[in-house]
Amino acid sequence: DSSVPFLEDIQNSRLTIITYNSTCILESFTANLPTLIIWDPNYYEIRDDASDYFSMLHNANILHYTPESAASFANNIYETPMKWWKSKEVQNARNLFSEKFCKTGNDWVYRYTEKFKRLIENIQ
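As a starting point, this report considers the structure included with it. As the structure is a prediction and not an experimental result, all values here were calculated from the model.

1. A word on the sheet that holds strand 2 (residues 35–38)
Remark on secondary structure: sheet strands pair via backbone hydrogen bonds, oriented parallel or antiparallel.
Next, step 1: The 3 strands are arranged 1-2-3 in an open sheet whose pairing can be described as parallel. Each having just a single partner strand, strand 1 (16–18) and strand 3 (63–64) make up the two edges of the open sheet.
Next, step 2: Here strand 2 runs beside strand 3; their pairing, made up of 2 bridges, is parallel. Residue pairing for strand 3: Ile37 is matched across the bridge by Leu63.

What follows is the structure in structure tokens.
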């Protein structure tokens, strides 16, 4: 239902499945909710400096490169996705990815302001 905000929708779901590289991944990871990501790497390029993070997601079975792989995995964890999601390997991958790409916290305005200042200084 598109009238329901994404975060509210996933909080009421057993498992979130995301099919493209978007902020939905960041929101789901920040909420720390069971998430599977599916995408064909031929269509979604990953920056070189991000590839290790996405490899960790793949190794933890969060990121799948085919719908068949994701469907098979989802069937295996369907009854207790939180048990899989809370495992050490999955949380480690999610935490490292989140630290790099999900900028949260009370000081976010300051951090973004400082980042923009540095960017502007580099342009001048």
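2. A short note on the packing of helix 3 (residues 51–59) against helix 6 (residues 88–101)
Next, step 1: Closest axis-to-axis distance for the helix 3/helix 6 pair is 9 Å, and the angle between their directions is 155 degrees. Taken together, the axes of helix 3 and helix 6 lie roughly antiparallel to each other. For the pair helix 3 and helix 6, the crossing hand works out as left-handed. Within the contact between the two elements, helix 3 uses Tyr53, Phe54, Met56, Leu57 and Asn59 and helix 6 uses Glu89, Ala93, Leu96, Phe97, Lys100 and Phe101.
Next, step 2: By residue class, the composition of the contact of helix 3 with helix 6 is 8 nonpolar, 1 polar and 2 charged.

3. Things to note about the packing of aromatic side chains
Next, step 1: All chains considered together, the criterion is met by 9 aromatic pairs.
Next, step 2: When the centroid spacing of 5.3 Å and the interplanar angle of 75 degrees are considered together, the rings of Phe29 and Phe97 count as edge-to-face. On the criterion of sequence distance, the pair formed by Phe29 in helix 2 (residues 23–31) and Phe97 in helix 6 is long-range, its members being 68 residues apart. Phe97 carries the same exposure label as Phe29, and that label is buried.
Next, step 3: Where Trp39 meets Phe54, the ring centres are 5.4 Å apart and the plane angle is 50 degrees; that geometry is what we call tilted. Of the two residues, Trp39 is situated in the loop between strand 2 and helix 3 and Phe54 in helix 3; the sequence distance between them amounts to 15 residues.
Next, step 4: Assessed through its relative accessible area of 6%, Phe54 is described here as buried.
Next, step 5: Following the ring pairs from residue to residue traces out a cluster consisting of Phe29, Trp39, Tyr53, Phe54, Phe73, Trp84, Trp85, Phe97 and Phe101.
Next, step 6: Cation over ring: Arg14 sits above Tyr78, and NZ or CZ is 4.2 Å from the ring centre.

About the cut-offs
- Residues numbered from 1 in each chain as written.
- Predicted model: local features only at pLDDT ≥ 70, side-chain atom pairs only at ≥ 80, totals over all residues.
- Heavy atoms only, no water.
- Pairing = 2+ DSSP bridges.
- Helix = DSSP H or I, 4+ residues; strand = E, 2+ residues; numbered from the N terminus.
- Axes fitted to C-alpha atoms, helices over the stretch in contact; angles between N-to-C directions.
- Parallel < 35°, antiparallel > 145°, perpendicular 65-115°, else oblique.
- Left-handed = near helix turned anticlockwise from the far one by under 90°.
- Contact = heavy atoms within 4.5 Å.
- Nonpolar A, V, L, I, M, F, W, Y, C, P; charged D, E, K, R; others polar.
- Phe/Tyr/Trp six-rings, centres within 6.5 Å; stacked < 30°, edge-to-face > 60°.
- Buried < 20%, exposed > 50% of the residue type's maximum accessible area, 1.4 Å probe, protein only.
- Lys NZ or Arg CZ within 6 Å of the ring centre and 35° of its normal.

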